[in-house]
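Read off the chains here:
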Amino acid sequence: MSSRDLILNRVRRALGGPGGAPAAYDMDIDRGYRRQHGERTVEETVDLLAENLTDYRAIVHRTEAGELPHLLMRLLAERWPDTVLVPPGLPAGWMSAVGAPLVHDRAETTAAELDRCGAVVTGCAVAVAETGTIVLDGSPDQGRRRITLIPDHHICVVRVPDQVVSSVPQALERLDPARPLTWISGPSATSDIELDRVEGVHGPRVLQVVLVSGE
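Let me begin by describing the structure that accompanies this report. (Residues numbered from 1 in each chain as written. Predicted model: local features only at pLDDT ≥ 70, side-chain atom pairs only at ≥ 80, totals over all residues. Heavy atoms only, no water.)

1. Some words on the overall build of the protein
For step 1, the next point in the chain: The helix and strand inventory of the protein stands at six helices and 12 strands.
For step 2, the next point in the chain: Overall, the C-alpha framework of the protein stretches about 65 × 40 × 40 Å when taken along its three principal axes.
For step 3, the next point in the chain: For the protein, the proportion of its 215 residues judged to be buried stands at 40%.
For step 4, the next point in the chain: Contacts spanning at least 24 positions in sequence make up 70% of the contacts within the protein whose residues lie at least 6 apart.
For step 5, the next point in the chain: Put simply, the protein shows about 11,900 Å² of open surface, and 53% of that area lies on carbon and sulfur atoms. (Helix = DSSP H or I, 4+ residues; strand = E, 2+ residues; numbered from the N terminus. Buried < 20%, exposed > 50% of the residue type's maximum accessible area, 1.4 Å probe, protein only. Contact = heavy atoms within 4.5 Å. Areas by Shrake-Rupley, 256 points an atom, 1.4 Å probe, with all protein chains shown as cover.)

Dropping the structure here:
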């Protein structure tokens, strides 16, 4: 049997065609994926995440929980946004030192209103070290997907080490596939046919990731 026939037969079984659907996909399809590449300590995993985030042109900061409000204040003050957008469940203490007016996202908030916000601060669901990816799942500390796509500056707070995993398979184990998942590897960027890179076309031009310990 050719590889083509093998794949088509699996598709037919999955659709309930000739031969019927498999009794259990775990039995019918090999799920023995490699869960990570090599063994790492927690510190090495966090270092790899920071390295890969930087490689994708995200700006990485490290801090302790007690210093987080002052770091957020400094990062926002460097760019002086008129307003800062925050999701409804962002921990109140995070923004306690920020001087810019806060805009709390609501269901009735329009895209034009979001576009007037210079920055957005969110948490995350999980961060993947091997790919330098942060994942948002729409939880209260992250909000709706569009609030991280419209403002030009996104600051994402990652709790270390609780929210950091080595690989994509480990991240998938933590995520609910029914939730609106957004996978982010660096600031929004695209290239034309001559490979001229343009940032900020489909999302934030600036992505800053804060790795916070002791949360």
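2. What to know about the pairing of strand E7 (residues 153-160)
For step 1, the next point in the chain: With respect to burial, E7 is a largely interior element, eight of its eight residues being buried.
For step 2, the next point in the chain: Residues His153, Ile155, Val157 and Arg159 of E7 are buried on one face, and the alternating residues His154, Cys156, Val158 and Val160, pointing to the opposite face, are buried as well.
For step 3, the next point in the chain: By the bridge criterion, three bridges tie strand E4 (residues 119-122) to E7 in an arrangement that is parallel. Bridge assignment links Val121 to a residue of E7, and that residue is Ile155.
For step 4, the next point in the chain: As paired strands, E7 and strand E12 (residues 206-213) are joined by eight bridges and run parallel to one another. Bridge assignment links Val158 to a residue of E12, and that residue is Leu211. (Pairing = 2+ DSSP bridges.)

3. Considering a nonpolar patch on the surface
For step 1, the next point in the chain: A cluster of nonpolar side chains, contributed by Ile7, Val11 and Leu15, occupies part of the molecular surface with about 320 Å² of accessible area.
For step 2, the next point in the chain: Counting through the fold element by element, Val11 comes out in helix H1 (residues 3-14).
For step 3, the next point in the chain: Overall, Val11 belongs to the partly exposed group, its relative accessible area being 41%. (Patch = residues over 30% accessible without salt bridge, like charges linked within 9 Å, V, L, I, M, F, W, Y side chains within 5 Å. Salt bridge = Lys/Arg side-chain N within 4 Å of Asp/Glu carboxyl O.)

4. A look at the environment of Asn52
For step 1, the next point in the chain: Considering the arrangement of structural elements, one finds Asn52 in helix H3 (residues 42-55).
For step 2, the next point in the chain: Contacts of Asn52, omitting those with residues within four sequence positions, involve Ala129, Glu130, Thr131 and Gly132.

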